[in-house]
Amino acid sequence: MDRREFLQHSAAGLAGLAAAPALAPLLAAGARPDLAVAHGPAPDRLVRAAVDALGGMGSFIAKGDVVVVKPNIGWDRRPEYAATTNPEVVAALVRLCLEAGAGKVKVFDRTCNDPRRCYVQSGIEAAARAAGAEVSHVDERRFREVRIPRGVAIQAWPLYLDALEADKLVNVPIAKVHSLGRLTLGFKNWMGIMGENRGRIHQRLDEALVDLATVVRPCLTVLDAVRILAANGPTGGSLADVRRLDTVVAGADPVAVDAFGATLFGLRGTDLGWVREAAGRGLGCMDLGRLAIRRLEA
């Protein structure tokens, strides 16, 4: 998606978003929404407001849990370039997990560029550690072959042991365009726990991402749209490609989160192959009109 196409799509998408609450089911007083969409200038407040609207982190994390908070740290880019997850969003989730009683919170990603540079340049290493997380580079010796019984494109793949052994997984992707997958949102973020040559799955990307999602099940997905990368994804590199939305989207249904994420780019969930595939396999709901969506100013 080039810059002109993005601006055309986003104008239509934002107009549609303004009307969306009227289409969603009305929430009874005190009822929990399917999705929480928080908007405001402070990323940490956005995360807390969105998670609180879903019932609080204690609804997802139990005392003593080992939790993996999985951001996108894939690229040697500073936060303002929107190629990696906002470090303040990651840190806020770490703090919420620890406040909910998590015994340990781990943060890692199998990066595409040199991990030493990615972890530092993204700001995630410093922010997550300051919040109390255990931050580590991926150890290539810690991948284990996992069978995928419902796999269509892939029936087995080496996955990172720290993710497999965690009690809870919290997915925290950034919303951005992608040269191969059109967009990269929550489902694609799990490529960061895959071993071997991950590029091979791009031949049947939509089906492979959903195959992976049948065995990797986050308890919560928090989509970082504080800044979105609107062109030249997934790496970016120019501030002209970045758009500031000051938004965080949270939900327990990963299909719903990615379907909503599509609207940030003027698209629909049905425009994304993996969203259609995942909904068709019963992994979640892509019809935003059937979901209760709570919008918040934080």
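Up top you'll find the structure we're talking about.
As the structure is a prediction and not an experimental result, all values here were calculated from the model. (Residues numbered from 1 in each chain as written. Predicted model: local features only at pLDDT ≥ 70, side-chain atom pairs only at ≥ 80, totals over all residues. Heavy atoms only, no water.)

A. Region of interest: empty space enclosed by the protein. Counted under the stated rule, the structure contains one cavity of 30 Å³ or more. Roughly 80 Å³ of internal volume is contained in the largest cavity. Around the largest cavity sit N171, G186, F187, W190, A213, V216, R217, P218, P254 and L283, which together line it. Counted by class, the lining of the largest cavity contains seven nonpolar, two polar and one charged residues. (1 Å grid on protein atoms, 1.4 Å probe; cavity = no way out; pocket = protein on both sides within 12 Å on 5 of 7 lines; lining within 4 Å. Points joined across faces, edges and corners; volume = space filled by probe spheres on them. Nonpolar A, V, L, I, M, F, W, Y, C, P; charged D, E, K, R; others polar.)

B. Representation of helix α10 (residues 273-280). Inspection of α10 places G273, W274, V275 and A278 among the buried residues, and these make up the whole buried set. Of the surrounding secondary structure, the elements contacted by the buried residues of α10 are β9 (182-184), α7 (186-189), α8 (205-213) and α9 (254-263). Where α10 ends, the next residue or the one after it, G282, has phi of about 80°, a positive value. (Buried < 20%, exposed > 50% of the residue type's maximum accessible area, 1.4 Å probe, protein only. Helix = DSSP H or I, 4+ residues; strand = E, 2+ residues; numbered from the N terminus. Contact = heavy atoms within 4.5 Å.)

C. Expanded view of the environment of R95. Secondary-structure assignment places R95 in helix α3 (residues 87-99). Here the alpha-carbon distance between R95 and A130, two residues 35 residues apart in the chain, equals 9.5 Å. Residues contacting R95, with those up to four places away along its chain left out, are D44 and A131.

D. A look at the pattern of salt bridges. What the rule picks out here adds up to 18 salt bridges. Here K168 makes a salt bridge to D65, at a shortest N to O gap of 2.7 Å. You can see K168 sitting in strand β7 (residues 168-172) and its partner D65 sitting in the loop between α2 (43-53) and β2 (66-71), a full 103 residues away along the chain. What makes K168 partly exposed here is its relative accessible area of 22%. E277 serves as the salt-bridge partner of R281, at 3.0 Å between the closest nitrogen and oxygen. Since its relative accessible area comes to 18%, R281 is described here as buried. In this structure E277 comes out as partly exposed when scored by relative accessible area, which is 24%. In this structure, a network of salt bridges that share partners links the residues K106, R142, D162 and E165. (Salt bridge = Lys/Arg side-chain N within 4 Å of Asp/Glu carboxyl O.)

E. Expanded view of the state of the cysteines. The full count for this structure, using the stated rule, is zero disulfides. With no disulfide partner, C118 has as its closest neighbouring cysteine sulfur the one in C112, 7.6 Å distant. With a relative accessible area of 0%, C118 lands in the buried category. (Disulfide = S-S within 2.5 Å.)

F. Here's a closer look at the packing of aromatic side chains. Counted according to the given criterion, the structure contains two aromatic pairs. Centre to centre, the rings of F108 and Y160 are 5.0 Å apart; their planes meet at 65°, and the pair counts as edge-to-face. Highlighted residues: F108 in the loop between β3 (104-107) and α4 (115-121) and Y160 in strand β6 (residues 156-160), separated in sequence by 52 residues. Of the two residues, F108 and Y160, both sit in the buried class. On the basis of an interplanar angle of 50° and a centroid distance of 5.1 Å, the ring pair of F143 and Y160 is categorised as tilted. One end of the pair, F143, is in strand β5 (residues 143-147); the other, Y160, is in strand β6, and 17 residues separate them in sequence. By the ring-pair criterion, three or more aromatic residues cluster together here, those being F108, F143 and Y160. (Phe/Tyr/Trp six-rings, centres within 6.5 Å; stacked < 30°, edge-to-face > 60°.)

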